[in-house]
Amino acid sequence: MRDLFARLFAASRLEQRRLLQTKTERLRIGIVGGTQGMGAFLGRVFTGGGHEVESMGLDAGAPASEVAARSDLVVIAVPISATVEVVKSVAPHVRPGACLMDVTSLKRAPLEAMLESAPEGVDVIGTHPMFGPHGVDFDRQKVVLCRGRGEASFVRVKRLYESFGAETIESTAQEHDAQMALIQVLVHEKTMVLGSVLARLDADLDRSLSFASPIYRTELAMIGRMFAQRAELYADILTINPDAARLSHVFEQEAAFFARAVAMNDRDAVITRFRQVTAFMKDFAAWAKKQSDAILDDLVRHG
């Protein structure tokens, strides 16, 4: 019954979004970097919602300057390492009254580049879809919005994302990048280290799944998910965020602490540190246990 009602609610939400999209202002959207990855995904979603979308990439479409000049909303959707350079080349061609935005997982540098390079009459907004390029649209997904210039365009972009089911979160570029150091850098570095250890051990992953608890299977799936994607993406996430080195150093120190405790069979050190972290997490740990139990129960039911 739970699965049945989940399907009914999903279908109902989809119809609600489609109705909302019919009431949303139609835009001419130009996507620079729109032939693959997140750019291509945004193009498919926006087109499906009735917007006129023109996409270009390295080997396809009109020049970026031309796409920018004839669009109401210009979206920069290129790799992190290329974003600032592309912004500087495209921004001067955006027409006054239009809006320039990016979808990069860092916000400070791209937002500064857009504000500096775009003509004064061009609105600017930084956005970060907190999800990968998959699914029907943005239903129940989070998108961070960082104000740059122009209230009207901020409201327009916010409504655009929300019309496809997104939950929008307003933030400063500084707060966003600090949060990404925790959410992306720290977590992705941990996952990358685990994958690297498994490779060094030449672990028999298929055989290990035969012994695996649901939590191990989930953890292993997340590790494998990372290594099924582009190395350049994760290299940029780990190396470009200005807060990355500081958090990575703390990660190294904590890993070294536990490595020493294991090497010395220091059970008391592990228990002491465990209890210190438990005190820090307080009510969050109880919430996390409840959330993860629900995820694991669902995994066990569906295999």
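Conventions used here
Residues numbered from 1 in each chain as written. Predicted model: local features only at pLDDT ≥ 70, side-chain atom pairs only at ≥ 80, totals over all residues. Heavy atoms only, no water. Helix = DSSP H or I, 4+ residues; strand = E, 2+ residues; numbered from the N terminus. Buried < 20%, exposed > 50% of the residue type's maximum accessible area, 1.4 Å probe, protein only. Contact = heavy atoms within 4.5 Å. Areas by Shrake-Rupley, 256 points an atom, 1.4 Å probe, with all protein chains shown as cover. Lys, Arg positive; Asp, Glu negative; His and termini not counted. Charge placed at Lys NZ, Arg CZ, Asp CG, Glu CD. Disulfide = S-S within 2.5 Å. Phe/Tyr/Trp six-rings, centres within 6.5 Å; stacked < 30°, edge-to-face > 60°. Lys NZ or Arg CZ within 6 Å of the ring centre and 35° of its normal. 1 Å grid on protein atoms, 1.4 Å probe; cavity = no way out; pocket = protein on both sides within 12 Å on 5 of 7 lines; lining within 4 Å. Points joined across faces, edges and corners; volume = space filled by probe spheres on them. Nonpolar A, V, L, I, M, F, W, Y, C, P; charged D, E, K, R; others polar. Axes fitted to C-alpha atoms, helices over the stretch in contact; angles between N-to-C directions. Parallel < 35°, antiparallel > 145°, perpendicular 65-115°, else oblique.

1. What to know about the overall build of the chain
- When its secondary structure is counted, the chain shows 13 helices and 7 strands.
- Along the first, second and third principal axes, the C-alpha set of the chain runs to 65 × 50 × 40 Å.
- Burial status across the chain gives 36% buried among its 303 residues.
- Considering only contacts in the chain between residues 6 or more positions apart, those separated by 24 or more positions represent 70%.
- Carbon and sulfur atoms form 59% of the exposed surface of the chain, whose accessible area is close to 17800 Å².
- Taken as two groups, the 36 positive and 38 negative side-chain charges of the chain have centres that lie 5 Å from each other.

2. Focus on the state of the cysteines
- Taken as a whole, this structure holds 0 disulfides when the rule is applied.
- With no disulfide partner, Cys99 has as its closest neighbouring cysteine sulfur the one in Cys146, 13 Å distant.
- In this structure Cys99 comes out as buried when scored by relative accessible area, which is 3%.

3. Some details on the packing of aromatic side chains
- With the rule as written, the count across this model stands at 9 aromatic pairs.
- The cationic tip of Arg147 hangs over the ring face of Phe154; the distance from NZ or CZ to the ring centre is 3.8 Å.

4. Looking at empty space enclosed by the protein
- Under the counting rule described, the total for this entry stands at 1 cavity of 30 Å³ or more.
- Looking at the largest cavity, its volume works out to about 30 Å³.
- Those elements that place two or more of their residues in the lining of the largest cavity are helix H7 (173-201) and helix H10 (231-240).
- Of the residues forming the lining of the largest cavity, the biggest block, 3 residues, is contributed by H7.
- Looking at side-chain class alone, the lining of the largest cavity contains 5 nonpolar, 3 polar and 1 charged residues.

5. A word on the layout of surface pockets
- Quantified by volume, the second largest pocket comes out at close to 980 Å³.
- Around the second largest pocket sit 22 residues that line it, and Leu186, Glu254, Arg273, Val277 and Met281 are the ones nearest its centre.
- Only H7, helix H11 (244-263) and helix H12 (267-281) provide two or more residues apiece to the lining of the second largest pocket.
- Its residues assigned to classes, the lining of the second largest pocket shows 15 nonpolar, 2 polar and 5 charged.

6. A short note on the packing of helix H4 (residues 80-90) against helix H5 (residues 108-117)
- Taken N-terminus to C-terminus, the directions of H4 and H5 make an angle of 10°; their axes are 9 Å apart at the nearest point. In terms of orientation, H4 lies roughly parallel with respect to H5. Facing H4, whose interface residues are Thr83, Val84, Val87 and Lys88, H5 presents Ala109, Pro110, Ala113, Met114 and Ser117.
- Of the residues that constitute the contact of H4 with H5, the class distribution is 6 nonpolar, 2 polar and 1 charged.

7. Quick look at the packing of H7 against helix H9 (residues 214-226)
- Between H7 and H9, whose axes approach to 9 Å, the crossing angle comes to 95°. The angle between H7 and H9 places the two elements in the roughly perpendicular class. On the side of H7, the interface is formed by His188, Lys190, Thr191, Met192, Leu194, Gly195 and Leu198, while H9 contributes Glu219, Leu220, Met222, Ile223 and Met226.

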